[in-house]
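# Chains, contacts and geometry: an overview
Each chain is listed here by its residues.
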Amino acid sequence: MSDSPSKIANDTDTVDLQAEFEASNIQEVLDKLDRELIGLKPVKTRIREIAALLLVDRLRKQFALSSATPTLHMSFTGNPGTGKTTVAMRMGEILKRLGYVREGHLVTVTRDDLVGQYIGHTAPKTKEVIKKAMGGVLFIDEAYYLYKPENERDYGAEAIEILLQIMENNRDDLVVILAGYKNKMDLFFQSNPGMRSRIAHHIDFPDYQADELLAIAKLMLASQNYRFSAEAEAAFKQYLTLRMKLEHFSNARSVRNALDRARLRQANRLFGRKGKLLSKTELMTLEAEDILASRVFKEGRRDEQV
Amino acid sequence: MMTNHGNRLTQGQFSFLPDLTDAQITAQIKYALKNNWAVNVEYTDDPHPRNTYWEMFGMPMFDLKDPAGILLEINNCRKTFPNHYIRVTAFDSTRGVESPRMSYLVNRPKKEPGFGLVRQEVDGRSIRYTIHSYATDKPESERY
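Position labels on residues start from 1 in each chain and follow its written sequence. The lettering of chains begins at A and the numbering of ligands begins at 1, in the order of writing. Selection of residues for local features in this predicted model requires a pLDDT of at least 70, selection of side-chain atom pairs for listing and counting requires 80 or more, and totals for whole chains, interfaces and linings are taken over all residues.

## Comments concerning the overall build of chain A
If you tally the helices and strands in chain A, you get 15 helices and 7 strands. Overall size of chain A, expressed as C-alpha extent along the three principal axes, is 75 × 55 × 30 Å. Labels follow a simple rule on C-beta atoms placed from the backbone: if 20 or more others lie within 10 Å of a residue's own, it is buried; if 12 or fewer, it is exposed; otherwise it is partly exposed. Looking at chain A as a whole, 31% of its 306 residues qualify as buried. Working definition of a contact: two residues with C-beta atoms, positioned from the backbone, lying within 7 Å. Of all intrachain contacts in chain A linking residues separated by at least 6 positions in sequence, the fraction that spans at least 24 positions is 78%. Secondary structure follows DSSP: runs of H or I at least 4 residues long count as helices, runs of E at least 2 residues long count as strands, and numbering of each begins at the N terminus.

## Quick notes on the sheet that holds strand β3 (residues 137–141) of chain A
Residues and elements named next belong to chain A. Any two strands with at least two DSSP-identified bridges between them are counted as paired. As summarised here, the arrangement of the 5 strands in space is β2-β3-β4-β1-β5, forming an open sheet in which the pairing is parallel. The strands lining the two open edges of the sheet, one partner per strand, are β2 (106–109) and β5 (201–205). Along the sheet, successive strands turn relative to each other by an average axial angle of 20°, direction set aside. By the bridge criterion, 5 bridges tie β3 to strand β4 (residues 175–180) in an arrangement that is parallel. Each bridged residue has a counterpart across the sheet, and for D141 the counterpart in β4 is A179. Between N-to-C directions, angles cover 0 to 180 degrees, with each direction set by a line fitted to C-alpha atoms, over the stretch in contact for helices.

## Overview of the pairing of strand β1 (residues 74–78) of chain A
Residues and elements named next belong to chain A. For β1, the tally of buried residues reaches 5 of 5 residues, placing the bulk of the element in the interior. The two faces of β1 match: M74, F76 and G78 on one face and S75 and T77 on the other face are all buried. Inspection of the sheet shows β1 paired to β4 by 4 bridges, in the parallel sense. Counterpart to T77 in the pairing with β4 is G180. Sheet topology note: the β1/β5 ladder contains 5 bridges and is parallel. Among the inter-strand pairings, F76 is bridged to a residue of β5, identified as I203.

## Looking at the environment of H105 of chain A
Relative to the assigned elements, H105 of chain A resides in the loop between α4 (84–97) and β2. Here H105 of chain A falls in the partly exposed class, since 17 other C-beta atoms lie within 10 Å of it. Remark: the alpha-carbon pair of H105 of chain A and M91 of chain A, spanning 14 residues in sequence, is separated by 9.2 Å. Residue contacts for H105 of chain A: discarding those within four places in its chain leaves G92 and G136 of chain A together with K65 of chain B.

## Comments concerning the interface of chain A and chain B
Counting from both sides, the interface comprises 10 residues of chain A and, opposite them, 8 residues of chain B. In terms of residue class, the side of chain A that touches chain B is made up of 1 nonpolar, 4 polar and 5 charged. Note on residue categories: nonpolar means Ala, Val, Leu, Ile, Met, Phe, Trp, Tyr, Cys or Pro, charged means Asp, Glu, Lys or Arg, and polar means any other residue, Gly included.

## Some remarks on the nonpolar core
Residues and elements named next belong to chain A. L95, V137, L138, V176 and I177 are the most contacted members of the largest nonpolar core, which totals 68 residues. Those residues in contact with I177 that sit more than four places away from it in its chain are M74, F76, A88, M91, V137 and F139. I216, A217, A258 and L286 belong to the second-largest nonpolar core, a separate cluster that totals 19 residues. By convention in this section, buried Ala, Val, Leu, Ile, Met, Phe, Trp, Tyr and Cys residues joined through C-beta atoms within 7 Å make up a nonpolar core.

## Focus on the packing of helix α10 (residues 210–223) of chain A against helix α11 (residues 230–245) of chain A
Residue and element names in this part refer to chain A. Orientation of α10 relative to α11, taken along the N-to-C sense of each, is 125°, at an axis distance of 10 Å. Compared by their axis directions, α10 and α11 come out oblique. The two elements α10 and α11 meet at a crossing, and its hand is right-handed. Residue-level inspection shows A210, L213, L214 and A217 of α10 in contact with α11, the latter providing F236, K237, L240, T241 and M244. Looking at the contact of α10 with α11 residue by residue, the classes come out as 7 nonpolar, 1 polar and 1 charged. Here the word oblique covers every angle except those under 35 degrees (roughly parallel), over 145 (roughly antiparallel) and from 65 to 115 (roughly perpendicular). Two helices crossing with the near one rotated counterclockwise from the far one by less than a right angle form a left-handed crossing, whereas a clockwise rotation gives a right-handed crossing.

## Some details on helix α3 (residues 41–62) of chain A
Residue and element names in this part refer to chain A. To estimate how far a helix should reach, multiply one less than its number of residues by 1.5 Å. In this model, α3 (22 residues) spans 32 Å end to end at C-alpha, consistent with the 32 Å of a helix rising 1.5 Å per residue. Buried within α3 are the following residues: V43, I47, I50, A51 and L54. One side of α3 carries all its buried residues, which in axial view fall inside an arc of 100°. Those residues of α3 that are exposed and angled more than 90 degrees off the buried face are K41, T45 and E49. Along its buried surface, α3 packs onto α2 (26–36), α4 and β5. Looking one or two residues beyond α3, the residue adopting positive phi is A64, at roughly 60°. Throughout, the arc means that of the directions going from the helix axis to the C-beta atoms.

## Digging into α4 of chain A
Residue and element names in this part refer to chain A. An ideal rise of 1.5 Å per residue puts 20 Å on 14 residues; α4 measures up with 20 Å between its terminal C-alpha atoms. Where α4 bends most, at M91, the angle is about 25°. Among all positions in α4, only K84, V87, A88, R90, M91, G92, I94 and L95 are buried. G99 occupies a position one or two residues after α4 and carries a positive phi of about 75°. Note on bend: at a given residue it equals the angle between the axes fitted to the 7 residues ending there and to the 7 starting there.

## Observations regarding the environment of N75 of chain B
Examined against the element boundaries, N75 of chain B turns out to sit in helix α2 (residues 68–80). With 31 residues separating them in the primary sequence, N75 of chain B and V106 of chain B have C-alpha atoms 9.7 Å apart.

## Here's the deal with the confidence of the model for chain A
For residues with low pLDDT, the predicted coordinates do not support detailed interpretation. All names here are of chain A. Per-residue confidence for chain A gives a mean pLDDT of 86, with 96% of residues at or over 70. Mean pLDDT per element in chain A: helix α1 (residues 17–23) is the minimum at 76, and β3 is the maximum at 94. Think of pLDDT as the predictor's per-residue confidence, scored from 0 to 100. Counting contacts from residues 1–5, a segment whose pLDDT is below 50, to residues more than four positions away or on other chains yields 8 contacts.

## Some details on the sheet that holds strand β2 (residues 55–56) of chain B
Residue and element names in this part refer to chain B. In space, the 4 strands of this open sheet follow the order β2-β1-β3-β4, with antiparallel pairing throughout. Edge positions in the sheet fall to β2 and β4 (99–107), since each of these pairs with one other strand and no more. As paired strands, strand β1 (residues 38–44) and β2 are joined by 2 bridges and run antiparallel to one another. Looking across to β2, one finds that Y43 is bridged to E55. Most of the contacts of helix α1 (residues 22–34) go to β4, to which it runs at about 170°, and overall it touches β1, β3 (85–92) and β4. Packed onto the sheet, α2 meets β1, β3 and β4 and runs at close to 5° relative to β1.

See below:
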């Protein structure tokens, strides 16, 4: 940590954890997390624990009680649309506030950005990505594609090897977050035990409940200056219960898509009333009919299907 | 050259100072990155002042946020060429070309033989002067 105090306290001195906590603005970060991310109980708990550990570590430094820098490499597993990427984006900012990383930027990569196409191409490519991520967070989405067991000449293994080396030697410089679907990630870790042991935090993102999804929908609408009418809210709640039973339900992502379609219908509805003047409220409000026009209600099928 | 004890090469910034420490190098790189300059690492064993273009060690590094990545590359270069001159250059692209804004040595050979003055007689009694690095008498990669 960069801002460690230079003066060493006496053994009999005491330090004020509360004061340090208030000075670090961590509560503000945690509050923001609570406000803007619905649900995700295990995720928030783990972030709180990490925050506490880093804070206590800072206090211990005042007594010159040194301990190794904690590893903060993480693995996010969960179904589609459970907020893995969103949390990763926040992670950079949180870790910067906690003084664990210096810059706090997020570099998002997939297999394409790490693995090369011919011999000798992979190592420079991976290293370039790692150099860009230094001082921040390297987010590897769908990390299991790095390892392809069916092809033993695949260059993915080389990328994993370089990653492992950097994760071990440059712990102070960057935090690596792997993300992917649960069962595929489990398989990936089984075949790469070195990777599993170097990642201290395995966080599982649970599926959302219907009421959580509704709260998410409202947040999404508010950020785009839209809102539900009272009937529309009831209709959307009904839509969610029906949609959750259908196949390919991807949590918050499905909600976002449903809202985008509702916006389309709203625009079409407003367009249909030619000649009439529109108020600001009308431009902002999604009505029940915009939701109820969905095929989920009429035919019990997904809207995406053709 | 009595003005330069120990024949230390004086090219680029800070070259009259003692060698920069890693912390000082990091601070300089941080300044370059703050100005959105791309940084690259170059090496040579022909330190003649007119030898402008040194060999690049890897590609120039664009879009970096933190000096740690560049320091990693400097240390790689030092490991590969422990007895070469290594310099770090920062390039500014605001004028449409990548023009060097900073350039300083981060590694030098253990023994620097320095430069000799060469006199060439031309046109009657005229003399032309040039300098010549003693190291370059030997073939490439055997110089230091």
